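In case you want the letters, here they are:
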Amino acid sequence: MQQERDPSAPADAAVPSRPAADLPPAVHVLLVEDDEAIRRSVGMALERYGYRVSLAPDGLTGLEMFRAAQHDLLLLDIMLPHLDGIGLCHRIRETSQTPILMMSARSDALDVVAGLEAGADDYVVKPVDTNVLVARIRTLLRRATFTAPPATDDRPGDADGLLTFRNLSIDTRGLEVRVDGQPLALAPTELRLLLEFAAAPGIALQRQTLLRKVWDYGWDGDIRVVDLAVQRLRKKIGAEHIETIRGFGYKFRR
């Protein structure tokens, strides 16, 4: 039976007849949402795009399901019973760097900030537009499977793929980061952000530029995700490595 196209969606955003190479069928999304209607509708929408979706009605159940099976991405509502989305995000980040996308009502600005501070990679606003949601998910999955760019000779010290900034070393080929010789675990977004900084030491980078390059936004997104990701990165590599340029953005110190 032919699937109906959403009349409100643009022509090129119709439910796709997904080619096998477009998205691996094994991509597994864990959706944690307490509203049954939203949980079912979002889950069905993602399945129509070829995702495998597991559903959890509350934070504790979501945590148990995450620990029991392999998931490629988590989609978390902020307001959840038993264990809210922020607490769940904290618990997951204790052991995993799996991409996390938060869902928030328009009035939950402070909760959005708290979710990003807890380690979420991005957020979407409810009611969720399916096209936007799928675009964000695809972007997060691309970041999670990020591979190093080809080596070049135009960056000093990068002939062997190793960059060193005082006590910080970055292997741009192996995608490994060390601080004081100790390996450092970074979420995919944090790693992409660090690589953008390391590629332009001493150069002031606008927040909008980082938003476009790291978050892959082709439109003006929320610069709070940049500020909070920088805040998390500073805690891990040391605040002295990243300088704030007030009213503009950030600069990575040589």
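The structure presented is a predicted model; accordingly, all values stated were derived computationally and were not measured. (Residues numbered from 1 in each chain as written. Predicted model: local features only at pLDDT ≥ 70, side-chain atom pairs only at ≥ 80, totals over all residues. Heavy atoms only, no water.)

J.: I'm lost on the pattern of salt bridges in this one. Help?
T.: A side chain with one charge can pair with a side chain of the opposite charge if their charged atoms come near. Evaluated as defined, the whole model comprises 9 salt bridges. Of the charged contacts in the structure, one is a salt bridge between D77 and K126, with a shortest N-O distance of 3.0 Å. Of this pair, D77 sits in strand β3 (residues 73–77) while K126 sits in strand β5 (residues 122–126); the two residues are 49 residues apart in sequence, bridging distant segments of the chain. By the burial criterion, D77 is buried, and K126 matches it. When the shortest N-O distance is used, the salt bridge between D227 and R207 registers 2.7 Å. Highlighted residues: D227 in helix α8 (residues 224–237) and R207 in helix α7 (residues 207–214), separated in sequence by 20 residues. Judged by relative accessible area, which is 24%, D227 ranks as partly exposed. (Salt bridge = Lys/Arg side-chain N within 4 Å of Asp/Glu carboxyl O. Helix = DSSP H or I, 4+ residues; strand = E, 2+ residues; numbered from the N terminus. Buried < 20%, exposed > 50% of the residue type's maximum accessible area, 1.4 Å probe, protein only.)

J.: Would you mind going over the pairing of strand β12 (residues 249–252) with me for this structure?
T.: In regular strands, side chains alternate between the two faces of the sheet. As paired strands, strand β10 (residues 204–206) and β12 are joined by 3 bridges and run antiparallel to one another. Note that in β12 the partner of A204 across the bridge is K251. With 4 bridges joining them, strand β11 (residues 242–245) and β12 adopt antiparallel strand pairing. Across the sheet, I245 pairs through a bridge with G249, a residue of β12. Two successive antiparallel strands, β11 and β12, enclose a turn made up of 3 residues, where G247 displays a positive phi of approximately 75°. (Pairing = 2+ DSSP bridges.)

J.: Please clarify how the environment of A135 should be interpreted in this entry.
T.: Following the sequence through the fold, A135 ends up in helix α5 (residues 130–144). By relative accessible area, A135 is classed as partly exposed at 32%. C-alpha of A135 to C-alpha of D216: the two residues are 81 residues apart in sequence and 9.9 Å apart in space.

J.: What's the story with the pairing of strand β8 (residues 176–179) in this structure? I'm lost.
T.: Residues V177 and V179 of β8 are buried on one face, while the alternating residues E176 and R178, pointing to the opposite face, are not. Pairing of strand β7 (residues 168–171) with β8 involves 4 bridges; the strand directions are antiparallel. Across the sheet, the residue bridging to L168 is V179, located in β8. Remark: 4 residues form the turn of the hairpin made by β7 and β8, two consecutive strands paired antiparallel; L175 in that turn has positive phi of roughly 55°. The pairing of β8 with strand β9 (residues 182–184) spans 3 bridges and is antiparallel. Within β9, the position partnered with V177 by the bridge is L184. Remark: 2 residues form the turn of the hairpin made by β8 and β9, two consecutive strands paired antiparallel; D180 in that turn has positive phi of roughly 55°.

J.: Sorry, what's going on with helix α4 (residues 109–117) here?
T.: Residues separated by three or four positions in an α-helix point in the same direction, a consequence of the helix having 3.6 residues per turn. Looking only at α4, the buried set comprises V112, G115 and L116. Viewed end-on, α4 has its buried residues packed into an arc of 95°, placing them on one side of the element. For α4, the secondary structure elements touched by its buried residues are α3 (85–93), β4 (100–105), β5 and α8. G119 occupies a position one or two residues after α4 and carries a positive phi of about 120°. (Arc of directions from axis to C-beta. Contact = heavy atoms within 4.5 Å.)

J.: Sorry if this is basic, but what is going on with the packing of helix α1 (residues 36–48) against α5 here?
T.: Packed helix pairs are characterised by how far apart their axes lie and by the angle those axes make with each other. In contact at an axis separation of 11 Å, α1 and α5 are set at 60° when each is read in the N-to-C sense. The crossing of α1 and α5 is right-handed. Across the interface between the two elements, V42, A45 and L46 of α1 pack against T130, L133, V134 and I137 of α5. (Axes fitted to C-alpha atoms, helices over the stretch in contact; angles between N-to-C directions. Left-handed = near helix turned anticlockwise from the far one by under 90°.)

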